[in-house]
Amino acid sequence: MGNTTHRIPTSDIRSAIAAERRELAALWDGLSAGEWDAPSLCAGWRVREVVAHMTLGFRYSLPATAWELVKARGSLHRMTDRCARKDAAAHSTGELASFLRDNADHPWRPPVGGFKGALGHDVVHGLDITVALGLDRRVPEDRLRILLESVDARTLTFFGADLADVELRATDLDWSFGSGAPLSGTAQDLLLLAYGRRLPPERLHGAPRDRFVATRA
């Protein structure tokens, strides 16, 4: 139980990233037109915007990214939102899936977090889609453990996750985090909570669960 950190070889993390991207790309290939236009767990983004965002780091050079940031008046949130919407409109769904597959081994990393951050980016955005669509896709345990063991106070702050007075307890892995009223669910659902997401009803169990349920307009 808990958050015991093990040193994981970079080569293992990069292999996990590549496998995750290929598996997700294969899944995106099978989505219907309606599913591509369905809402995701990312507020305001459909599935197609999420996939466009997942591949932004492969398609934009550093100067191009800097210019987009300037146009967004220095706001990373505005920049990523604008680019996701623009790119989702500019590319077909087949192209969006191919961007992920063709860059499975790309060394892109987010500004913070290194290759673990890159794995988290792929896994969590993949879940933003599969959970929202009700697809029964299970992230392999080895990938989940890499990310769960990295969850700490800085993770919660970065993603705006409020887990005050809550203890997360995984029902399918020997993992827990925090202290307070117990809140249980699958490990991948609890990972989403640590990354600031809200989930559909009935995926969580425990008194605090209503705090973490997504609301739909």
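Refer to the structure presented above.
Residues numbered from 1 in each chain as written. Predicted model: local features only at pLDDT ≥ 70, side-chain atom pairs only at ≥ 80, totals over all residues. Heavy atoms only, no water.

## Some words on the overall build of the chain
Scanning the chain from N- to C-terminus turns up 11 helices and three strands. Secondary structure elements of the chain occur, N-terminal to C-terminal, as α-α-α-α-α-α-α-α-α-α-β-β-β-α. For 217 residues, the compact-globule estimate of 2.2 N^0.38 gives 17 Å, and the C-alpha radius of gyration of the chain, at 17 Å, lies within 12% of that figure. If you line up the chain on its principal axes, its C-alpha atoms span 45 × 45 × 35 Å. Within the chain, the fraction of its 217 residues that count as buried is 46%. For the chain, the share of sequence-separated contacts (at least 6 apart) that also reach a separation of at least 24 residues comes to 65%. As displayed, the chain offers around 10,600 Å² of accessible surface, 54% of which is attributable to carbon and sulfur atoms. Side-chain charges in the chain split into 28 positive and 28 negative, and the spacing between the mean points of these groups amounts to 6 Å. (Helix = DSSP H or I, 4+ residues; strand = E, 2+ residues; numbered from the N terminus. Rg over C-alpha atoms; globule rule 2.2 N^0.38 Å. Buried < 20%, exposed > 50% of the residue type's maximum accessible area, 1.4 Å probe, protein only. Contact = heavy atoms within 4.5 Å. Areas by Shrake-Rupley, 256 points an atom, 1.4 Å probe, with all protein chains shown as cover. Lys, Arg positive; Asp, Glu negative; His and termini not counted. Charge placed at Lys NZ, Arg CZ, Asp CG, Glu CD.)

## Focus on the sheet that holds strand β2 (residues 176–178)
Read from one edge of the open sheet, three strands run β2-β1-β3, paired in mixed fashion. Whereas interior strands pair on both sides, the edge strands pair on one side only; in this sheet they are β2 and β3 (181–185). When strand polarity is set aside, the average angle formed by the axes of neighbouring strands in this sheet is 20°. Relative to β2, strand β1 (residues 166–170) runs antiparallel, the two sharing three bridges. Within β2, the position partnered with Arg169 by the bridge is Ser176. (Pairing = 2+ DSSP bridges. Axes fitted to C-alpha atoms, helices over the stretch in contact; angles between N-to-C directions.)

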